[in-house]
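# Structural overview
Given next are the chains, with one letter for each unit.
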Amino acid sequence: MAWLTALSITIGWLTFISPLKGKSSPNSGPAGSGSAAFAYRYVALAVGPILANLLLVVFVGLDASISMAIVVVVMSFILRQSAAAVREMLVHAFDHNLLFGVLGILFFQNMLRQAGVVDDIAALFHSLAVPAAIVVGIIAFLGGLLTGTSQGFVAMTFPFIAILSPGDLTLVTVCFVMGTAGHMLSPAHLCLLVTLDYFKSDFFKSLRPVLVLEIIMVAATYGVISLWG
């Protein structure tokens, strides 16, 4: 799956980062305005906390909540946030709209599990004479779309892979790509909801470029699988 990571970084960079070259920031000084170093600094600030959490959880073995707390504290010092800014951030984290959104998503996920909707969909496709990669892809996509979480589509699809074709890494790859596509496009995707709320962005306009890039990822995945036979 390493080539998929490289592809996603490449198309994401070309689509979202490259068009920003040459544009100055209103908060940048004369020396840094529009410079490549200035742009890469903000990319590093965006990616750094994610990589730091990954290293602390995977290699150091810290609990995810502890890791995130450490990273937030360190970033507060790096960004030189004032006590008022930190207090405002904490208050916003407990915004009632965000909390209701979290509760709504958890309720929806639990309702799906109790009703067994996704299991019924899996049984339906399993009874049809279609390729396993198509069946797993559809189930993973629906799982990601309905739950809005990576854990959701993995939990729903992997048991099906274990029964349909145990140990098949091709199906695992399809599951991750299709599940992620559904996850990224889901209206129940918590990260998306928080981002839209914070930046006051339009839901459908924000999803358009994501949809295009996910189509590229899915097409590339099935294209490589068909070439491999």
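Quick caveat, the model's predicted, so the values are computed rather than measured.

About the thresholds
- Residues numbered from 1 in each chain as written.
- Predicted model: local features only at pLDDT ≥ 70, side-chain atom pairs only at ≥ 80, totals over all residues.
- Heavy atoms only, no water.
- Helix = DSSP H or I, 4+ residues; strand = E, 2+ residues; numbered from the N terminus.
- Buried < 20%, exposed > 50% of the residue type's maximum accessible area, 1.4 Å probe, protein only.
- Contact = heavy atoms within 4.5 Å.
- Areas by Shrake-Rupley, 256 points an atom, 1.4 Å probe, with all protein chains shown as cover.
- pLDDT = per-residue confidence, 0-100.
- Axes fitted to C-alpha atoms, helices over the stretch in contact; angles between N-to-C directions.
- Parallel < 35°, antiparallel > 145°, perpendicular 65-115°, else oblique.
- Left-handed = near helix turned anticlockwise from the far one by under 90°.
- Nonpolar A, V, L, I, M, F, W, Y, C, P; charged D, E, K, R; others polar.
- Phe/Tyr/Trp six-rings, centres within 6.5 Å; stacked < 30°, edge-to-face > 60°.
- Core = buried A, V, L, I, M, F, W, Y, C linked by side-chain atoms within 4.5 Å.

### Some words on the overall build of the protein chain
The number of helices and strands found in the protein chain is eleven helices and zero strands. Ordered by position from N to C terminus, the α and β elements of the protein chain give α-α-α-α-α-α-α-α-α-α-α. By the burial criterion, 28% of the 229 residues in the protein chain qualify as buried. Within the protein chain, contacts between residues at least 6 apart in sequence are counted, and of these 62% link residues at least 24 apart. With an accessible surface of roughly 14600 Å², the protein chain has 73% of that area assigned to carbon and sulfur atoms.

### Looking at the confidence of the model for the protein chain
When pLDDT is averaged across the protein chain, the result is 81; 84% of the residues are at 70 or more. Here residues 28–33 is modelled with pLDDT under 50, and outside its nearest four sequence neighbours on either side it reaches four contacts, counting other chains as well.

### Some points on the side chain of Thr-173
Topologically, Thr-173 is positioned in helix α9 (residues 169–185). Its relative accessible area of 16% is what places Thr-173 among the buried residues.

### Here's the deal with the packing of helix α8 (residues 150–164) against α9
Closest axis-to-axis distance for the α8/α9 pair is 10 Å, and the angle between their directions is 150 degrees. Classed by the angle they form, the pair α8 and α9 counts as roughly antiparallel. Of the two elements, α8 crosses α9, and the hand of that crossing is right-handed. Mapping the contact onto sequence places Ser-150, Phe-153, Val-154, Thr-157, Phe-158, Ile-161 and Leu-164 in α8 and Leu-171, Val-172, Cys-175, Phe-176, Gly-179, Thr-180 and His-183 in α9. Within the contact of α8 with α9, the residues separate by chemical class into nine nonpolar, five polar and no charged.

### What about the packing of helix α1 (residues 2–17) against helix α11 (residues 203–228)?
Across the interface, α1 lies against α11 with an axial gap of 11 Å and an inter-helix angle of 150 degrees. Comparing the axis directions of α1 and α11 gives the class roughly antiparallel. Seen from above, α1 lies across α11 with right-handed handedness. Residue-level inspection shows Trp-3, Leu-4, Leu-7, Ser-8, Ile-11, Gly-12, Thr-15 and Phe-16 of α1 in contact with α11, the latter providing Pro-209, Leu-213, Ile-216, Met-217, Ala-220, Thr-221, Val-224 and Trp-228. Tallied by class, residues from the contact of α1 with α11 come to twelve nonpolar, four polar and no charged.

### Here's the deal with the packing of aromatic side chains
Tallied over the entire structure, the rule returns three aromatic pairs. Measuring from ring centre to ring centre gives 6.3 Å for Phe-153 and Phe-176, while their planes differ by 90 degrees; the resulting arrangement is edge-to-face. In this pair, Phe-153 is assigned in helix α8 and Phe-176 in helix α9, connecting sequence segments 23 residues apart. For Phe-153, a relative accessible area of 1% corresponds to the buried category. Plain terms: the ring middles of Tyr-198 and Phe-199 are 5.0 Å apart, the flat faces sit at 85 degrees to each other, and that makes the pair edge-to-face.

### Here's the deal with the nonpolar core
Ranked by size, the top nonpolar core spans 20 residues in total, and within it Val-136 and Cys-175 carry the most contacts. If you list the elements that add at least two residues to this core, you get α1, α7 (132–147), α8, α9 and α11. Ranked by residues supplied to this core, first place goes to α9 with six residues. The next biggest cluster of nonpolar side chains, apart from the first, holds five residues, and it includes Leu-185, Leu-192, Leu-196 and Leu-207.

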